[in-house]
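Residue-level listing of the chains:
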Amino acid sequence: MSAAKGVREDRLWQRHADMAKLGGTPKGGVNRQALSAEDAAARNLLATWAEARGFSIFTDAIGNLFVQRAGTDAKAPPVMSGSHMDSQPTGGRFDGMYGVLAAFEALEALEDAGVKTRRPVMAVAWTNEEGSRFQPGAMGSAVFAQRYRLDEMLKVKDWKGVVLKDALAETLKAAPAPMLDGPPGFPVGGYVEVHIEQGPRLENARKTIGVVTGIQGSRRYIVTIEGDEAHAGTTPRAARRDAYAAATRLASALYEATTDEDDTLRFTIGRVEVLPGSPNTVPGKVSFTIDLRHPDNAVLDDREKVLETLLVEKTKPCTARLERVTNVPPTYFDPEVIDLVRAKAQGLALSNMDMPSGAGHDAMHIARLCPAGMIFVPCERGISHNEIENATPQDLAAGTRVLVEVLEELANR
Ligand code: GLV
Ligand code: MN
Ligand code: MN
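Here's a quick rundown of the structure. (Residues numbered from 1 in each chain as written. Chains lettered and ligands numbered in written order. Predicted model: local features only at pLDDT ≥ 70, side-chain atom pairs only at ≥ 80, totals over all residues. Heavy atoms only, no water.)

## Re the packing of aromatic side chains
Inspection of the entire model under this criterion finds 12 aromatic pairs. An aromatic cluster of at least three residues, connected via ring pairs, comprises Phe58, Phe66, Trp126, Phe144, Phe186 and Tyr191. Here Arg15 stacks its cationic end above the ring of Trp49, 4.3 Å away from the centre of that ring. Positioned over the ring face of Trp159 is Arg271, at 4.1 Å from the centre of the ring. (Phe/Tyr/Trp six-rings, centres within 6.5 Å; stacked < 30°, edge-to-face > 60°. Lys NZ or Arg CZ within 6 Å of the ring centre and 35° of its normal.)

## Some points on helix 2 (residues 37–52)
Compared with an ideal rise of 1.5 Å per residue, which puts 16 residues at 22 Å, helix 2 spans 23 Å between its outermost C-alpha atoms and is within 8% of the ideal. Those residues of helix 2 lying buried are Asp39, Ala40, Ala42, Arg43, Leu46, Ala47, Trp49 and Ala50. Residues of helix 2 that are buried sit in contact with helix 1 (9–20), strand 1 (56–59), strand 2 (65–69), helix 3 (97–112) and helix 6 (164–174). Count one or two residues on from helix 2 and you reach Gly54, which has phi positive near 75 degrees. (Helix = DSSP H or I, 4+ residues; strand = E, 2+ residues; numbered from the N terminus. Expected span 1.5 Å × (residues − 1). Buried < 20%, exposed > 50% of the residue type's maximum accessible area, 1.4 Å probe, protein only. Contact = heavy atoms within 4.5 Å.)

## Examining the pattern of salt bridges
This structure, assessed with the given rule, holds 28 salt bridges. Among the ionic pairs, Glu108 bridges to Arg15, the shortest N-O distance being 3.1 Å. You can see Glu108 sitting in helix 3 and its partner Arg15 sitting in helix 1, a full 93 residues away along the chain. We note that Glu108, like Arg15, is buried. Residues Lys21 and Asp18 are paired through a salt bridge, measuring 3.6 Å at the closest nitrogen-oxygen approach. (Salt bridge = Lys/Arg side-chain N within 4 Å of Asp/Glu carboxyl O.)

## Remarks on the coordination of the manganese ion (ligand 3)
Geometrically, a metal with four donors at the corners of a regular tetrahedron has ideal angles of 109.5 degrees, and one with six donors at the corners of a regular octahedron has ideal angles of 90 or 180 degrees. Taken together, the protein donors to the manganese ion (ligand 3) comprise Asp95 (OD), Glu130 (OE), Glu130 (OE) and His385 (NE2), at separations of 2.1 to 2.4 Å. One chain supplies every donor to the manganese ion (ligand 3), and in sequence these donors are spaced D-x34-E-x254-H. With relative accessibility at 7%, the residue Asp95 sits in the buried group. Given a relative accessible area of 41%, His385 falls into the partly exposed group. (Donors = N, O, S within 2.8 Å, 3.2 Å for Na, K, Ca; no water.)

## Re the nonpolar core
Core analysis: the biggest nonpolar cluster contains 98 residues, and Leu46, Val67, Met80, Leu164 and Tyr191 have the highest contact counts within it. Ranked by residues supplied to this core, first place goes to helix 3 with 11 residues. The contacts of Leu46, once residues within four sequence positions are left out, are Met19, Leu65, Val67, Met85, Val100 and Phe104. Membership of the second largest hydrophobic core comes to 22 residues, among which are Ala243, Ala246, Leu250 and Leu254. (Core = buried A, V, L, I, M, F, W, Y, C linked by side-chain atoms within 4.5 Å.)

## What to know about helix 8 (residues 243–257)
An ideal rise of 1.5 Å per residue puts 21 Å on 15 residues; helix 8 measures up with 21 Å between its terminal C-alpha atoms. Elements that come into contact with the buried residues of helix 8 comprise strand 7 (217–226), strand 9 (266–268), strand 12 (285–294) and helix 9 (297–313). For helix 8, the N-terminal capping position is held by Asp242, with its side-chain oxygen 2.9 Å away from the main-chain nitrogen of Tyr244. (Polar contact = N/O pair within 3.5 Å; in protein donor to acceptor, adjacent residues only side chain to side chain.)

## Observations regarding the environment of Thr319
Examined against the element boundaries, Thr319 turns out to sit in strand 13 (residues 319–328). As a C-alpha pair, Thr319 and Gly227 span 92 residues in sequence and 6.7 Å in three-dimensional space. Apart from residues lying up to four places away in sequence, Thr319 is in contact with Thr224, Ile225, Glu226 and Arg241.

## Thoughts on the coordination of the manganese ion (ligand 2)
Only His84 (NE2), Asp95 (OD) and His195 (NE2) from the protein coordinate the manganese ion (ligand 2), and they sit 2.0 to 2.3 Å from it. When the donor residues of the manganese ion (ligand 2) are listed from N- to C-terminus, their spacing reads H-x10-D-x99-H. A separation of 3.6 Å is found between the manganese ion (ligand 2) and the manganese ion (ligand 3), which are bridged by Asp95. In this pair, His84 is assigned in strand 3 (residues 79–84) and Asp95 in the loop between strand 3 and helix 3, connecting sequence segments 11 residues apart.

## Section: the side chain of Thr171
Note that Thr171 resides in helix 6. Relative accessible area serves as the criterion here: at 2%, Thr171 is assigned to the buried category. Once you skip the residues sitting within four places of it in the chain, Thr171 turns out to touch Leu35, Ser36, Ala40 and Arg43.

## Details of the packing of helix 1 against helix 2
For the pair helix 1 and helix 2, interaxial distance at closest approach is 10 Å and the crossing angle is 145 degrees. Remark: the crossing between helix 1 and helix 2 carries right-handed chirality. Every residue of helix 2 that contacts helix 1 at Arg15, Asp18 and Met19 is listed here: Ala42, Leu45, Leu46 and Trp49. Looking at the contact of helix 1 with helix 2, its residues break down into five nonpolar, no polar and two charged. (Axes fitted to C-alpha atoms, helices over the stretch in contact; angles between N-to-C directions. Left-handed = near helix turned anticlockwise from the far one by under 90°. Nonpolar A, V, L, I, M, F, W, Y, C, P; charged D, E, K, R; others polar.)

Here you go:
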């Protein structure tokens, strides 16, 4: 039996349903934020399945969780696949989780088909990809790839002031796994991540497989504006330094400055905090996040300069500062891996198209370590980062069949 024939659509679909109970929301999505009790529960469930199949599991100092199926050459760097199990606060059941479960299904399919590989094949669940609770996102993969420093990430606080080091310790206590010695990172022979597209292009084009060529560049910022708290009923306009009024002036100028003709630039203000948050006090402090993305780094550089200028111009008489939290340049996947994904999709008679990724993925960091690529499958109406996110069992299985064939080939190189 070929490894692709070992992929079982029903098993993969059932595993999604089982995982969706952990942090499940009334609308059918999940709230399983990084290093929460729900994240720990997902880790335990994956570990239980791994143990039942005789795969080994281990974790590292940032909490990335690895499941390994042995190869015939124990010294050869493994081929790896995976994604993340954390979710947005109002997330769907497929974003990230599909990549982890497809990788695990690939291990099971190789096992069921009795296929031996030279390199070990690993499924990985990277810690904190979403970055909605702890910033920056794609943290586990970035630490693994030595893009971010472990000691700095351990100090990061969530919006409530919880320190990541403490949340990680709690998580690993609740979901224990053997710990790798030393800082995260080890040689990897190749990396392929599968994911739902999170946009409408595949569905509109009626294609099953997206052959992902790269990932657009992305930057995140926190803007902080300071004014003075004052009485809402008595303070004349001229005497006010209203931080929220300044924030709205800045925000509307920024929306305008990031509206490009070809609709390629992506600009989002996703979180706003107004302090002290009292109806009858003029706000003294406002902070908000900016998520900015484009395939061309030069465009991002240019818009960042505009952002800095508007920050000063639009917030007077308040003061404003800008902190850049992340700067991930565009990723270009390995041409051989891209060709291999396309060839395997064609070999399995699956309709496919080349496409870049608008969303960020852990693959953007791992691509700096080894030949890497990604496989997309459609999701309903392109909706993601939403509880109603949906995909079909058939498409999820199709992406996994392509994955297992690519992994098998890379694992024998
Ligand atoms: C990942 O979810 C991203 O923000 O692209
Ligand atoms: Mn994701
Ligand atoms: Mn996401």
